[in-house]
Every structure is written in C-alpha cells, then in structure tokens.
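# A closer look at the structure
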Amino acid sequence: MLESSKIFLNTTKNIQPEIAVILGSGLTNFFDNENIFYTISYENLPEFPQPTIKGHAGKLVLGNIHNHKVICMYGRSHIYEGHSPPILANPIRVLKDIGCKLLIVTNAAGSLKQDMPPGSLMTISDHINWSGFNPLIGANAESYGPRFHDMSDAYHQFYRNQLIKIASKNNQSLFEGVYCMYSGPNFETPAEIKALQVIGGSAVGMSTVPEVIVANHCSLPVIGISVITNYAAGISKTKLSHQETLEQASFAEDNVVNLLKNFIKDVNFDDTARNN
Ligand code: HPA
C-alpha cells in the first residue's frame, strides 16, 4: 500500500469510499459543503504529483452523495506538465488501496463531430492513445497487476450501460464515442484533427487515458465522461484557448454534476450478472 493511502485512511479513521470521481478542467463544484467529511490537500500526500495548471485545485475530498461515500479528486496532473510516467499512476493506485469499487473520470475535450457541439456530454466507449506515452512503462508493479493487461473493456460496459440508462431516465442527452488522447500542451493542428477523425475518434483531449490504463491494470472498474468545450481545431474557425475550455466547462458544470449524482444515486454494483 502506498504511503499516501495510509495517510488517507488514518485521516479519515478508515472510512473507505465506494466511488471515486476525477473532476476535469473547469469543474469545481461537486459536493455541497454540508456533505463533506474530510479534505486532504495533495501537498500532504507524498506520492501525489502536484498540479500546476489553472482550473486544477489539488485536493482529495471525501463526502456523501445519496448515501454513498464518494471521494473526489479536484484536479489532476497531465503528462505535458513534465511528471515522470510512474508518478501519474500513484493517485489511481491510492484510490484502489483505499477501497474504491468504481472510478468515474471526467475531462474537457474538443469535438471531432459536427453533430456533437460544445456543451454536449459524451460517455467514452473506448480510447485511442495518441500521446506516445504510457504510465506503466518501467518495472511492473506486480502487487497491482500483471505486466501485460487486457484493455478490451477499458470503459467498463456494465457501468457504462447503467450510465446511459440513467441519463435517458433523467432526460439528459448523452453522446457515446471514442476519446483520443493527444499529449499537449499545444492544441492539435487541423491536419492532426483530420487524422483523428479518419482513425475513428469522436473527441480529443490531453488527459484521462493514463488514468484509465492504470485503473484497468489494478482492476479498478472505470467509466469516463467528456464535457465537450469546443469544436476541435479546423472544425470551427475560432482559435482555441484554455480560457475557452474553462468557461465552456463551467457552463456545462451543472449538467455533468447532475448526471454524476443521478448515476451515483441509482448505480448497482452487482456485476455478477454481467454477460460480456
Ligand atoms: N484539444 C485538446 N484538449 C482539449 C480540447 C481540444 O480541442 N478542448 C478541451 N481540451
């Protein structure tokens, strides 16, 4: 178990969260204050990389959502910040160590599809790792998973199907598509976006894939939701900026937080009936 996991469990007097949520760029309001049990800054967790980007706070918050114990990561680190690959694996391994049964990853992303405009939400059905980066390169952490792990159900279908049903029950529109990861920090060129469209992408962003790889490695089921903040480069004529990402993510915030909370309210953890 990582030192950060021990510190977390000591601080929370062994309260184990069931569900973990990673909030993407520009998403800052998840818990109501009265539902928060503990807040721990990443600065107090020795194996956590410290986020350096505006819109990424850097704290773990444990709270209650519809009688489920939920841990929320406010802020994440990205490869373009220059962290070494194994360090990006640590926060996900801590979530596994402290007992989480499901991870929900959110991100801000650019749309590769004309019919998926800014403001849309997209559940990730699969990804294309176009970043040239893998957080598991290096010695394998045998206590977490095997050297070569399967990725054929990377965005856990049992939970993804529930998310789609719950969105539809609550009249929330939810696209489904393939997330492409680009390393950043620059936004893509129009030629790169055309290439990603040809190879089957639906949205593009600079995060999520490392976390999903590590979660699959340690058998932590994971699903992902992209908040579409812009059309990708070349699809619309406007220039891309991080400011636009933050603003558009904040417009979509109520929508994505409602979806997350509706999902947490109704989710069924019993996947013994899975048939895929
Ligand atoms: N490209 C990469 N990352 C992003 C984008 C984009 O268009 N929008 C938000 N994050």
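Heads up: these notes are all about the structure in this document. For every chain, the first residue of the written sequence is number 1, and numbering continues from 1 onward in sequence order. For this predicted model, a pLDDT threshold of at least 70 governs which residues receive local features, and a threshold of 80 or more governs which side-chain atom pairs are given and counted, while totals over whole chains, interfaces and linings are taken from all residues. Computation of side-chain values covers all heavy atoms of the structure but excludes hydrogens and water.

Moving on, we come to the site of the ligand. When we say a residue is near a molecule or strand, we mean one of its heavy atoms is within 4 Å of it. With respect to spatial proximity, the complete set of residues near the ligand consists of Ala108, Ala109, Gly110, Phe187, Glu188, Val204, Gly205, Met206, Thr229, Asn230, Leu240 and Thr245. Alanine 108 places a polar main-chain atom, nitrogen or oxygen, 3.4 Å from a nitrogen atom of the ligand. Asparagine 230 has a polar side-chain atom sitting 2.7 Å from a nitrogen atom of the ligand. Each accessible area is a Shrake-Rupley estimate made with a 1.4 Å probe; only the visible protein chains count as cover when residues are assessed. Contact with the protein chains covers 96% of the free accessible surface of the ligand, which is 260 Å². In this structure, the ligand is accommodated by the largest pocket. A helix here means a DSSP run of H or I that spans at least four residues, while a strand means a run of E at least two residues long, and both kinds are numbered starting from the N terminus. At the level of secondary structure, the elements contributing two or more residues to the shell around the ligand comprise strand S5 (102-111), strand S8 (203-205) and strand S9 (222-231). Per-element accounting of the shell around the ligand gives the leading share, three residues, to S5. Note on residue classes: Ala, Val, Leu, Ile, Met, Phe, Trp, Tyr, Cys and Pro are nonpolar, Asp, Glu, Lys and Arg are charged, and everything else, Gly too, is polar. For the shell around the ligand, the per-class residue count stands at six nonpolar, five polar and one charged. Here a polar contact means two N or O atoms within 3.5 Å. Within protein one must be a hydrogen donor candidate and the other an acceptor candidate, and residues neighboring in sequence count only if both atoms are side-chain atoms. Residues are said to line a cavity or pocket when one of their atoms sits within 4 Å of a point; the points come from a 1 Å grid over protein atoms alone, cavities being sets where a 1.4 Å probe fits but cannot get out and pockets being open sets with protein on both sides within 12 Å along at least five of seven lines. Placement in a cavity or pocket follows one criterion, namely that more than half of the molecule's atoms lie within 2 Å of its grid points.

Patches were defined on residues exceeding 30% relative accessible area and lacking a salt bridge, with like-charge contacts within 9 Å and nonpolar side-chain contacts (Val, Leu, Ile, Met, Phe, Trp, Tyr) within 5 Å. The term salt bridge refers to a side-chain nitrogen of Lys or Arg lying within 4 Å of a carboxyl oxygen of Asp or Glu. Residues Trp130, Val198 and Ile199 make up a contiguous nonpolar surface patch of about 310 Å² in total accessible area. Its location among the elements puts isoleucine 199 in the loop between helix H4 (190-198) and S8.

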